[in-house]
Amino acid sequence: MDARRNPFAPGAGTPPPELAGREDLLERNAVALDRIRVGRAARPSILYGLRGVGKTVLLSRMRDAAEGEGFTIVSIEAPENRSLPGILVPSLRAALLRMDRMKQATAGVTRALRALAGFAKLKVKYADLEVALDVKPEPGLADSGDLDADLADLIVAVGEAARERDSAIVLVIDELQYVPEEQLAALISALHRANQKQLPVTMLAAGLPQLLGQMGRAKSYAERLFEFIEVGPLDADAARTAIRLPIEREEETIQPEALDAVFGQTQGYPYFLQEWGKHSWDTAESSPITVEHVELATRSALAELDASFFRVRFDRLTPAEKRYLRAMAALGAGPHRSGDIAEQLGLKVSSVAPTRNSLITKGMLYSPAHGDTAFTVPLFDAFIHRVMPEG
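Residues numbered from 1 in each chain as written. Predicted model: local features only at pLDDT ≥ 70, side-chain atom pairs only at ≥ 80, totals over all residues. Heavy atoms only, no water.

A.B. asks: Explain the overall build of the chain here, please?
C.D. replies: Regarding its fold elements, the chain presents 17 helices and 8 strands. For the chain, the C-alpha radius of gyration of 23 Å lies close to 21 Å, the compact-globule estimate for 391 residues. Expressed as lengths along the three principal axes of its C-alpha atoms, the size of the chain is roughly 70 × 60 × 35 Å. The 391 residues of the chain split such that 52% are buried. Of the accessible surface of the chain, which amounts to about 17600 Å², a share of 48% is contributed by carbon and sulfur atoms. With 46 positive and 53 negative side-chain charges, the chain shows a spacing of 7 Å between the two charge centroids. (Helix = DSSP H or I, 4+ residues; strand = E, 2+ residues; numbered from the N terminus. Rg over C-alpha atoms; globule rule 2.2 N^0.38 Å. Buried < 20%, exposed > 50% of the residue type's maximum accessible area, 1.4 Å probe, protein only. Areas by Shrake-Rupley, 256 points an atom, 1.4 Å probe, with all protein chains shown as cover. Lys, Arg positive; Asp, Glu negative; His and termini not counted. Charge placed at Lys NZ, Arg CZ, Asp CG, Glu CD.)

Here it is, written out as C-alpha cells:
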C-alpha cells in the first residue's frame, strides 16, 4: 500500500491518528480545569506510567484543550540536572508577558512581574536561573531567598494576576519525576497556598511511576490537590480501534485476526501499536492487512525499536548498569525483589544498591513496592535478551 498514506505516527509524544480509550480521562480533566477557573474546588490530573503509554500525548491534548478554552499555559519539560526555578521562571515570564501583550499593564500583572524579579534572587542558590525583566522587584515580595516562601509568593501573585484578567494559569510539566523532591515540595506547597485562596492557577503533569511516591513524600497532602491517574496499556477493544479506524479512514482494511496479532505483539502499549501499525501497513501490498503481514511487520518493528526506542536508553548506561539490567531480564519481565537480582549477579544487595539507585535516577527502573524493582520501559527484558544474549 502507498507509504505516503500510512496513517501511523510512531514518535516521542507524536499524536496518534486515533486516541482511543482515553476519552473519560480527558473529560474529567476538562471539568476540573473549568471548576478551578471559576474558583471552585477540583483536582487536576497528574499522569504517571511506564514509557510508551502515551502520557506526553495525553498531556499535550489536555494542554491544547485548555489553551483552546482561553487558559494561559506555562508549558515545561523538566530535564535531568536542571533546577525547578531554572526551568519555571522563563516560562512564567513569557506567560505573564503574553497576558500583558497589549502593553496595558494591570496592577496584578505588574505585581506578578515584580514578584518574578524578586524571585530571581534565588540565582545565588540555583545557578541555572536566568531572568531579564524591566521591572523593579517589590521589597518583601518573593525575595527572601527561601524557595518555599518565595515560590508561594510568586504563584499567588501569578494567580491574582490571572484572576484580575479573568483568566487562569495552568503549569503543564512533563517528566516531573526529574524535579528534586525538595523543589517538588515547594511547588506543591505553593499550589496549595493558591488553592486555599481559590486562585485560578494549577498544574497538570506527567511522569514515570515513581512520581506518585515522590509527590507523596514531598507533601503528604498532594493526593488531595491532584487526581493521580495511572496511564497503562490499552485494553483489547481500544487497541484494536486504535489500529482499525486509521486504516479504514484511508479506505483500506485489516482482518480481525491481524488486529488480534497486533494486540498480542504490543500488549496494548500505545507506542508499540503505532510501530506495528506503521510496519504492517508498509508490509502489505494491498488490502486487507493479514496475520502474515503482521508477522513480517514484527521483524521490522522490533528492528526499529531496537535501533531507536530501546537503544537510545540502553546506550546511556554504564557496563555495571547494563549487567544489572541483564540480571533482571534473566528473571523475566518483573517486578523482581532486589535480593533476587543481587543473587542473580552473585553479589550482596548492599553492593549493587548504588547501581540500582543510579538506574532509578536515570528513569530506567522504578520501585513499585518496597524492595521491588521493575523496568520503566515495557518489553525491555526482551530487548536485553536480544542485545545481551549471554549472561
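There is more to say after this.
A.B. asks: When you look at the confidence of the model for the chain in this model, what are you seeing that I'm missing?
C.D. replies: On average, residues of the chain carry a pLDDT of 92, and 98% of them reach 70 or more. By mean pLDDT, the top-scoring element of the chain is helix H10 (residues 256-266) (97), and the lowest-scoring one is helix H3 (residues 84-99) (89). (pLDDT = per-residue confidence, 0-100.)

A.B. asks: Before we go on, may I ask you to explain the pairing of strand S4 (residues 201-207) in this structure?
C.D. replies: Regular strands have side chains that alternate between both faces of the sheet. Burial of S4 is extensive: 7 of the 7 residues sit out of reach of the surface. Burial along S4 is two-sided: the residues Val201, Met203, Ala205 and Gly207 and Thr202, Leu204 and Ala206 are all buried. As defined by bridge partners, strand S1 (residues 45-48) adjoins S4 across 3 bridges and the pair is classed as parallel. Each residue of the ladder has a partner; that of leucine 47, found in S4, is alanine 206. Relative to S4, strand S3 (residues 169-174) runs parallel, the two sharing 5 bridges. Paired with isoleucine 173 across the two strands is alanine 205, which belongs to S4. (Pairing = 2+ DSSP bridges.)

A.B. asks: Mind showing me how you'd approach the side chain of glutamine 214 here?
C.D. replies: Mapped onto the elements of the fold, glutamine 214 is located in helix H7 (residues 210-218). Note on glutamine 214: relative accessible area 12%, which makes it buried. Separated by 3.3 Å, the side chain of glutamine 214 and the backbone oxygen of glutamine 177 make a polar contact. In contact with glutamine 214, not counting residues within four places along its chain, are Gln177, Glu181 and Leu184. (Polar contact = N/O pair within 3.5 Å; in protein donor to acceptor, adjacent residues only side chain to side chain. Contact = heavy atoms within 4.5 Å.)

A.B. asks: Looking at this structure, how should I read the pattern of salt bridges?
C.D. replies: Side chains bearing opposite charge may pair, as long as their charged atoms lie close to each other. This model, assessed by the stated rule, comprises 21 salt bridges. For arginine 4, the salt bridge goes to aspartate 2, with nearest N and O atoms at 3.7 Å. Using a relative accessible area of 77% as the deciding quantity, one classes arginine 4 as exposed. For aspartate 34, the salt bridge goes to arginine 37, with nearest N and O atoms at 3.3 Å. With aspartate 34 and arginine 37 both in helix H1 (residues 23-37) and 3 residues apart, the pair spans about one turn of that helix. The exposure class assigned to aspartate 34 is partly exposed, which follows from its relative accessible area of 34%. For arginine 37, a relative accessible area of 26% puts it in the partly exposed group. One salt-bridge network, held together by shared partners, links Arg5, Glu250 and Glu252. (Salt bridge = Lys/Arg side-chain N within 4 Å of Asp/Glu carboxyl O.)

A.B. asks: How do you make sense of the nonpolar core when you look at a structure like this?
C.D. replies: Most often, soluble globular proteins keep nonpolar side chains buried together rather than apart. With 68 residues, the main nonpolar core has Leu325 and Phe380 as its most contacted residues. The residues contacting phenylalanine 380, other than those within four sequence positions of it, are Phe310, Phe314, Leu325, Met364 and Phe375. With 60 residues, the next largest nonpolar core counts Leu96, Leu141, Ala161 and Leu225 among its residues. (Core = buried A, V, L, I, M, F, W, Y, C linked by side-chain atoms within 4.5 Å.)

A.B. asks: Looking at this structure, how should I read the sheet that holds strand S7 (residues 365-366)?
C.D. replies: Taken together, 3 strands build an open sheet; the order of strands is S6-S8-S7 and the sheet is antiparallel. Two strands in the sheet have a free side with no partner beyond their single neighbour: strand S6 (336-337) and S7.

A.B. asks: Honestly, the packing of aromatic side chains in this entry has me stumped. Any pointers?
C.D. replies: Given two aromatic rings, their pairing is described by the distance between the two centres and the angle made by the two planes. Per the counting criterion, the structure on display carries 12 aromatic pairs. Where phenylalanine 272 meets phenylalanine 310, the ring centres are 6.1 Å apart and the plane angle is 50°; that geometry is what we call tilted. Highlighted residues: phenylalanine 272 in helix H11 (residues 270-283) and phenylalanine 310 in the loop between helix H12 (291-307) and helix H13 (311-314), separated in sequence by 38 residues. Classification of phenylalanine 272 as buried rests on a relative accessible area of 1%. Note on phenylalanine 375 and phenylalanine 380: the rings are 5.7 Å apart at their centroids and 50° apart in plane angle, and the pair reads as tilted. Phenylalanine 375 gets classed as buried once you look at its relative accessible area, which sits at 6%. According to the relative accessible area criterion, phenylalanine 380 is buried, its value standing at 0%. Through pairs of rings, three or more aromatic residues link up here, namely Tyr269, Tyr271, Phe272, Phe309, Phe310, Phe314, Phe375, Phe380 and Phe383. Lying across the ring of phenylalanine 309, arginine 313 places its NZ or CZ 4.7 Å from the centre. (Phe/Tyr/Trp six-rings, centres within 6.5 Å; stacked < 30°, edge-to-face > 60°. Lys NZ or Arg CZ within 6 Å of the ring centre and 35° of its normal.)

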